[in-house]
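Given next are the chains, with one letter for each unit.
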Amino acid sequence: MDKKYKVAVAGATGAVGREMLKTLYERNFPVSEVIPLASARSAGNAVPFGDEELTVRELKEDSFAGIDLALFSAGGSVSEKFAPCAAHSGCVVIDNSSAWRMDPRCPLVVPEVNAQALRDQKGIIANPNCSTIQMVVVLKPILDAAGLERVVVSTYQAVSGTGQKGIEELERQVRDLFNGRDTENSVYPHRIAFNILPHIDVFLENEYTREEMKMVNETRKILSMPDLRVTATCARVPVFYGHSESVNVETARKLTARDCRALLARAPGVRVIDNPAENLYPLAIDAAGEDDTFVGRIREDESIENGLNMWIVADNLRKGAALNAVQIAEELVKMDLVRVPDRNVFMD
Ligand code: A2P
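All values derive from a computational prediction rather than experimental measurement. Along each chain, the written sequence defines residue order, and numbers are assigned to residues from 1. Given that the model is predicted, a residue must reach a pLDDT of at least 70 before its local features are reported, and side-chain atom pairs must reach 80 or more before they are shown or counted; all residues, however, enter totals for whole chains, interfaces and linings. Note that water and hydrogens are dropped before the side-chain values are worked out from all heavy atoms of the structure.

**Description of the packing of aromatic side chains**
Only the six-membered ring of Trp is used, alongside the rings of Phe and Tyr, when aromatic pairs are assigned; centres must lie within 6.5 Å, and planes under 30 degrees apart are stacked while those over 60 apart are edge-to-face, with the rest tilted. Here the structure, examined in full by the defined rule, presents six aromatic pairs. An angle of 20 degrees between the planes, with centres 5.6 Å apart, marks the rings of Phe 64 and Phe 72 as stacked. Only protein chains enter the accessibility calculation, which uses a 1.4 Å probe; a residue is then buried when its area is under 20% of its type maximum, exposed when over 50%, and partly exposed in between. Residue class for Phe 72 comes out buried when judged on its relative accessible area of 0%. Summarising the aromatic geometry, the rings of Phe 178 and Phe 194 are spaced 6.1 Å apart at their centres and angled 85 degrees between planes, so their arrangement reads as edge-to-face. On the criterion of sequence distance, the pair formed by Phe 178 in helix H5 (residues 164-178) and Phe 194 in the loop between H5 and helix H6 (210-222) is long-range, its members being 16 residues apart. Runs of E in the DSSP output that reach at least two residues are strands. Runs of H or I that reach at least four are helices, and both are numbered from the N terminus.

Encoded structure:
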C-alpha cells in the first residue's frame, strides 16, 4: 500500500494556510492525518479540509512529534523559531516565509525549475517569494533555449500577498469610500483603494525594498546564477488575488517572439495567452483560482539586440504560495525524501 503522511499546516487560519489545506485536499495528497496549527487565539476554532472541519491547535515547540511533513505560513518570526524545532523532531518543513530562503542549508525550490535541489534537503526547504516563483517558471525555459543576460521586472501585486489583513483593508476602504466615509489605513502606509503603492515590505539601505531584493537574490539562487543581472520594482495594487508582472529579458542568443511563444507553450506549469487581435492576454481576474502561470504580450524589445518583453500573471496564493509548497511535498514523496537526514543541523 502507498505510504500516507501525517501533515501539519502552521498558520492554518491565514490566507495562505487555508489555501494550503484546500490544495492538499484537492490534489489528493496522501495524508493519514492533517493537523492545523495557529496561534493560541485560534486554538479550538475549526478550519475546513474538504468536507471535514478540523480543530485548530496551538503551535508549540512540541507540536511536531510524530509528524512527517509541515507546511509553514505563519510569518518569518514564527518560522525562525519553530521550523528548527520541527526539523529536530524529524519533521520535514516546507516554509513559505522569507526566514530560511537565503540560508545555504535550505534548498529554495520551484519544482518545474530546480526540483533536483531537494536532494540536498536537510529538514527545512524554502518556498520562494510569490513574485519570484511565477517569474522563474517562465525564465527557466528561456534560459535553457537562449541563455539569460539580464532581467528587469516591475510587479503589480495583489493585497492577498499581505495576508487576510490586506484583503480586509482593501474591502473596508472601498466600502467606506462608496459610503462617503473617511478611510483609515492600518496595514499599508497609504490608502490602497483606487491607488498604487510603490512600496512592498521595508526599505533597505540601498533604497530598494526588501521585496525587490528578494526577487533579485531568490531568482539568482533558484536559477543557480549568482551573478545574473536582475533588477526589480515592486508595487502593491488594489487587486484582491493575482500578481501581474512586466518582465524584460535580455537573452544571450536571439530568441524571436514567435519562438518564445512556442517554447513557453510547451513549458510545464505555463499557459500562453497571447492574441492581441482579440484582446486576449493574461489577467489577474482570470488567473485567480488557477494553478498555471499565464504569460502573454510577448514581443521583441526593439531597443536591444536580443530582448523580449512579456506580461506574467499567476494566483499569488496558489502557484505563488500554497500550490508550490504542495508541489514540493509531492516531489519529496516521489523522490522518497520525506525524512530529516540529521536532526541537529538547525540546532545552532
Ligand atoms: P491566528 O489566526 O491564530 O493569528 P495571514 O498571513 O493571513 O495574516 O495569516 C497568518 C497566520 O499565521 C494565521 O494562521 C495566524 O494565526 C498565524 N500566526 C500568526 N502569529 C502566530 C504565532 N505567534 N504562532 C502561531 N501562529 C501564528
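After that view, the rundown keeps rolling.
**Notes on the site of the ligand**
Lining the immediate surroundings of the ligand are 16 residues, of which Thr 13, Ala 15, Ser 39, Arg 41 and Ser 42 lie closest. Gly 11 has a polar backbone atom sitting 3.1 Å from an oxygen atom of the ligand. With respect to the ligand, the backbone of Ala 15 contributes an N or O atom lying 2.9 Å from an oxygen atom. For this classification, the nonpolar set comprises Ala, Val, Leu, Ile, Met, Phe, Trp, Tyr, Cys and Pro, the charged set comprises Asp, Glu, Lys and Arg, and every other residue, Gly included, is treated as polar. When its residues are assigned to classes, the shell around the ligand shows six nonpolar, eight polar and two charged. Being near a molecule or strand, for a residue, means having at least one of its heavy atoms within 4 Å of it. Polar contact criterion, stated in full: a pair of N or O atoms within 3.5 Å, where within protein one must be able to donate a hydrogen and the other to accept it, and residues adjacent in sequence count only if both atoms are side-chain atoms.

**Looking at unusual backbone geometry**
Located in the positive-phi region is Phe 194, a residue other than glycine, with phi close to 55 degrees. On the accessibility criterion, Phe 194 (55% relative accessible area) is exposed. You will see that Glu 207, though not glycine, has its phi angle at about 75 degrees, which is positive.

**Digging into the side chain of Asn 114**
Residue placement: Asn 114 occurs in helix H3 (residues 111-114). Take Asn 114: its relative accessible area is 12%, and that puts it in the buried class. In this structure the side chain of Asn 114 is engaged in a polar contact, spanning 2.9 Å, whose partner is the backbone nitrogen of Val 110. Apart from residues no more than four positions distant in its own chain, Asn 114 is found in contact with Leu 108, Val 109 and Ile 222. Any two residues whose heavy atoms approach within 4.5 Å are treated as being in contact.

**Some thoughts on the environment of Leu 317**
Along the polypeptide, Leu 317 turns up in the loop between strand E14 (307-314) and helix H9 (318-334). For the pair Leu 317 and Leu 280, spaced 37 residues apart in sequence, the C-alpha to C-alpha distance is 23 Å. Excluding residues that lie within four positions of it along the chain, Leu 317 makes contacts with Ala 15, Val 16, Glu 19, Ser 160, Tyr 241, Ala 322 and Leu 323.

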